[in-house]
Amino acid sequence: MWGLAAILWLAGGGALAASERPAPDPKAGQAAYGRSCARCHGAAGKGDGVDAKRFYPRPRDLTLGVYKFRSTASGTPPTDEDLFQTIHRGLPGTNMPDWQQLDEATRWRLVDYLKSLSPVFEHTPPSPVTMPPDPGAKRADLEKGQAVYQQLGCAACHGASGRANGMSAAGLVDDWGMPIRPADFTQGWTFRGGAAPRDIALRLITGIDGAGMPSYAEAVSGEDIWHLAYYVASLQEPPAWHMIAHPLRVSGSLPASLDDPRWGQAERTDLRLRNVVQPAGEWAHPPTVRAIRMQAVYNEDTIAFRLTWDDPTQEAAESPAPDALALVLKPADTQGDVVTLQAWPYAGAPRLDLCYWSAAGVSGETLAAEFDGVRSAPRWPATRTAASSYDDGRWQVLLQRPLQPQAPEGAAAITAGAFTSIAFAVWDGGNADARAVSPWVELSLRDPTRPSGGH
Amino acid sequence: MTRCSRIAPALIAILVAIGCGSSKPQDASATTEGQAASSAPAQAAQASAGQPAATGSASIQGTVRLNGTAPAAEKVKMDADPVCQQQHASPVYTEDVVADANGGLKHVFVYVKEGAKGPFPVPTQPVVLNQQGCWYTPRVLGIQVNQPFEIVNSDGTLHNINAKPGVNPPFNIAQPVKGMKTTKKFTKPEIGVTFKCNVHPWMRAFAGVVEHPFFGVSGADGAFTIAGLPAGTYVIEAWHEQYGTKTQTISVGDGETTSLEFTFTAQ
Ligand SMILES: [Cu+2]
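Conventions used here
- Residues numbered from 1 in each chain as written.
- Chains lettered and ligands numbered in written order.
- Predicted model: local features only at pLDDT ≥ 70, side-chain atom pairs only at ≥ 80, totals over all residues.
- Heavy atoms only, no water.
- Helix = DSSP H or I, 4+ residues; strand = E, 2+ residues; numbered from the N terminus.
- Rg over C-alpha atoms; globule rule 2.2 N^0.38 Å.
- Buried < 20%, exposed > 50% of the residue type's maximum accessible area, 1.4 Å probe, protein only.
- Areas by Shrake-Rupley, 256 points an atom, 1.4 Å probe, with all protein chains shown as cover.
- Lys, Arg positive; Asp, Glu negative; His and termini not counted.
- Charge placed at Lys NZ, Arg CZ, Asp CG, Glu CD.
- Patch = residues over 30% accessible without salt bridge, like charges linked within 9 Å, V, L, I, M, F, W, Y side chains within 5 Å.
- Salt bridge = Lys/Arg side-chain N within 4 Å of Asp/Glu carboxyl O.
- Pairing = 2+ DSSP bridges.
- Contact = heavy atoms within 4.5 Å.
- Disulfide = S-S within 2.5 Å.
- Buried area = accessible area lost by both parts, 1.4 Å probe.
- Polar contact = N/O pair within 3.5 Å; in protein donor to acceptor, adjacent residues only side chain to side chain.
- Nonpolar A, V, L, I, M, F, W, Y, C, P; charged D, E, K, R; others polar.
- Core = buried A, V, L, I, M, F, W, Y, C linked by side-chain atoms within 4.5 Å.
- Phe/Tyr/Trp six-rings, centres within 6.5 Å; stacked < 30°, edge-to-face > 60°.
- Lys NZ or Arg CZ within 6 Å of the ring centre and 35° of its normal.

**Concerning the overall build of chain A**
Scanning chain A from terminus to terminus reveals ten helices and 14 strands. Compactness check: chain A gives a C-alpha radius of gyration of 25 Å against a globular reference of 23 Å for 455 residues, within 12% of the reference. Taking all 455 residues of chain A together, 57% fall into the buried category. Of the roughly 19,400 Å² that chain A leaves accessible, carbon and sulfur atoms contribute 55%. Here chain A carries 41 positive and 50 negative side-chain charges, and the mean point of each set is 3 Å from the other.

Printed below as a string of structure tokens:
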């Protein structure tokens, strides 16, 4: 028994101690699969579990033997270690969680079970790629990396600045005919196979089978792979997922432009956006806007928000569905009522305070119990757009609003010493049926009687 | 119309039975019948000819026709990639179904499905799939098992070649630079291997991988030739990317040219 386990481990090229890999136990593997995996991947591994239809990307059909995250040549199956890693780490940015709550022996049994689902593992041996030596961050040449990025055409899918807005991005389909979106390189947290330079270098060499991203193994030198990998890694903007956001207090006038130096001092809060799940399922409209960054600066009576989000296509005034945003505030008397914007509006839903902006030049404030009417209904001018710009896949919008608007009646007041819940809804006209919404975070203004913030 | 010419008299009866003399187009249901009928004459032909040579002097010349009207071709939108757009002075149309005024169906891969007796030498000359103007040339190609398959990028833009065979191992490789060449091979016979480019989703090409040199691809008038066959009885299959396959059995004699017609029906 022990000998067999050791041989299997060697064949898998594992980095974990051989003693940790148990002897294969198909029954135990199958049982663990049934408990943890079948609800997404289906009882027989066909990717058709009860939860499958809702998710983008869809849970994999494991009987096909096509794997995205490998350390092996394009078209060959993953190593045992690759599969173990996927189970161990999960696939961030998708619905596939990590499985660290399962003990290591169970995870190895799952690896054996996964391999039994597809004949690929019998007739094609994995062909591990060799990684060129890592020069290290200090010796990586980012400028060279950027030139290689141009030369290799990463921009065709990922966009010139890596914001998932390349010329081919909107029309991409995966090998199963489902729409798929390239990764946004500023959002390393959406990478499934890891966002470190080494992970990126590996993706380049192996390609992402099934996703349409090709292998560059024969198209680029070992050195250039690392320059490029470090360059791509350098595009990441690490997110600040705060539950409580602290706007910056300034005296005098608020920033009136997007590049006012005071934005550099304002705290950043990133909020994750998720498409509202429709009956057709999440994959019917793969998410295009996955996060929004909020910064806020206020003085005695007004607050300014600088909002930044990546949207691969610009739809402005001429478009039937212009890009748009709602900054949503919970008026004090609705606290606790609307748990998440995912479910709002619903019958009898409380009204929320919507500060609305659209690329068609509309902005304003309204109190409403739903979104749809808001986009055409008359609004109070309390909220105004001070500036907006779209540049290479990225919107930036500057909204100003009184801390305590006089109208509409019941509008949310942002007061010092109390929390005000804030969330966002974002519409991408290029993905017109999708509405992306964030969770709530709490705005917390410092006590105005104490000096703080701005200069 | 199907003509039966210069066929060894002993085989005429069989051919009439299995389609050559039939005025109706063959459909796929003829396959089983044809196969069943083929084994006996094949053995007979061999016996009389002695040990069969790998190649011979018989050929099949035929036409593939489309019954009905082909779906209208659509203009391909290439404007997303200016490098593609610039290479075409006039609009490019989809080629899923290409038929001429007489119903000649282009891009059909016709090959000997059964009856070829190897082993056959593997050509060292590569079969080339060229990417030019963000279009594959040729769209349909035949290649022998283990013959070098050379993929060339003649465009100054990124192409990726995403091959999705069912039997051979798949691959998806990038060719970012003009002039880049990659050589691959297929180790198992397989018909209808699909190639596509994810950067330019309209690009499509197909390969038929066979163990022998007995195949052809129909031209603009639907005509194809399979040459160098030893005398014998063969199951011939015609494969079209949209309409699937049709199969017929045919016998050929040394030095003879036999004609064969396939008809697909537009859906
Ligand atoms: Cu291409």
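Here the narrative resumes.
**As for a nonpolar patch on the surface**
On the surface, a cluster of nonpolar side chains totalling about 320 Å² of accessible area is made up of Met243, Ile244 and Phe419 of chain A. Among the structural elements, Met243 of chain A can be located in the loop between α10 (222-234) and β1 (244-245).

**Remarks on the sheet that holds strand β6 (residues 149-153) of chain B**
Residue and element names in this part refer to chain B. Within the open sheet, the four strands sit side by side as β4-β3-β6-β9. Their pairing is mixed. Each of the sheet's edge strands pairs with one partner strand only, and the pair in question is β4 (136-137) and β9 (181-184). By the bridge criterion, two bridges tie strand β3 (residues 127-131) to β4 in an arrangement that is antiparallel. When the bridges of β4 are listed, Gln131 appears paired with Tyr136.

**Let's talk about the environment of Tyr216 of chain A**
With respect to the helices and strands, Tyr216 of chain A occurs in the loop between α9 (197-206) and α10. Look at Tyr216 of chain A and you get buried, because its relative accessible area is 5%. Taking C-alpha positions, Tyr216 of chain A is 22 Å from Thr86 of chain A, a pair spaced 130 residues apart along the chain. Here Tyr216 of chain A is in contact with Leu152, Gly153, Cys154, Leu204 and Ile205 of chain A together with Leu158, Ala174 and Pro176 of chain B, once residues within four sequence places are set aside.

**A look at the state of the cysteines**
Under the counting rule described, the total for this entry stands at one disulfide over all chains. What pairs with Cys84 of chain B in a disulfide is Cys134 of chain B, and their sulfur atoms sit 2.0 Å apart. Handedness of the Cys84 of chain B-Cys134 of chain B disulfide follows from its S-S torsion of about -70°: it is left-handed. Here Cys134 of chain B lies in the loop between β3 and β4 and Cys84 of chain B lies in helix α3 (residues 82-85), a separation of 50 residues in the sequence. For the pair formed by Cys84 of chain B and Cys134 of chain B, the shared burial category is buried. Unpaired in this structure, Cys154 of chain A has its nearest cysteine sulfur neighbour in Cys157 of chain A, at a distance of 9.0 Å. Unpaired in this structure, Cys157 of chain A has its nearest cysteine sulfur neighbour in Cys197 of chain B, at a distance of 8.5 Å.

**Observations concerning the interface of chain A and chain B**
Think of interface size as the accessible area that goes away when the parts come together; that is how it is often given. Tallying the contact residues gives 21 residues for chain A and 22 residues for chain B. The largest share of the area that chain A buries against chain B comes from Met167, Asp175 and Glu218 of chain A, three residues that together contribute 28% of it. Between the two partners, chain A and chain B, sit one salt bridge. Between Lys164 of chain B and Asp175 of chain A there is a salt bridge, and its shortest N-O distance comes to 3.2 Å. At the junction of chain A with chain B, the criterion picks out eight residue pairs in polar contact (both at pLDDT 80 or more). Grouping the amino acids of the side of chain A that touches chain B by side-chain chemistry returns ten nonpolar, eight polar and three charged.

**A closer look at the nonpolar core**
Side chains of nonpolar character tend, in soluble globular proteins, to be buried together. Within the largest apolar cluster, 56 residues are counted, with the highest numbers of intra-cluster contacts made by Leu228 of chain A together with Phe195 of chain B. Here the element with the most residues in this core is α10 of chain A; it accounts for eight residues. When neighbours within four sequence positions are excluded, Leu228 of chain A is seen to be in contact with Gly145, Val148, Tyr149, Leu152, Cys154 and Leu204 of chain A.

**Some points on the packing of aromatic side chains**
Taken as a whole, this structure holds 24 aromatic pairs over all chains when the rule is applied. Seen in terms of ring centroids, Trp344 of chain A and Phe371 of chain A are 5.0 Å apart; in terms of plane orientation they differ by 85°. Their pairing is edge-to-face. Taken together, the positions of Trp344 of chain A in the loop between β7 (324-329) and β8 (352-358) and Phe371 of chain A in the loop between β9 (363-368) and β10 (384-391) put the pair 27 residues apart, joining distant regions of the chain. With respect to burial, Trp344 of chain A and Phe371 of chain A carry one shared label: buried. Ring pairing ties together the aromatic residues Tyr149, Phe185, Phe191 and Tyr231 of chain A, which thus form one cluster. The side chain of Lys330 of chain A reaches across the aromatic face of Trp440 of chain A, ending 4.6 Å from its centre. Looking at Lys184 of chain B, its charged tip hangs above the ring of Phe171 of chain B, at a distance of 4.7 Å from the centre.

**Focus on the pairing of strand β12 (residues 419-427) of chain A**
Residue and element names in this part refer to chain A. With eight of nine residues buried, β12 is to be regarded as a mostly interior element. Pairing geometry for β7 and β12, over six bridges, is antiparallel. Paired with Leu325 across the bridge in β12 is Val426. Two elements, β12 and strand β13 (residues 435-437), share three bridges in a ladder whose sense is antiparallel. Bridge pairing in β13 places Ala425 opposite Val437.

Limitation: the analysis is restricted to geometry and does not speak to function.
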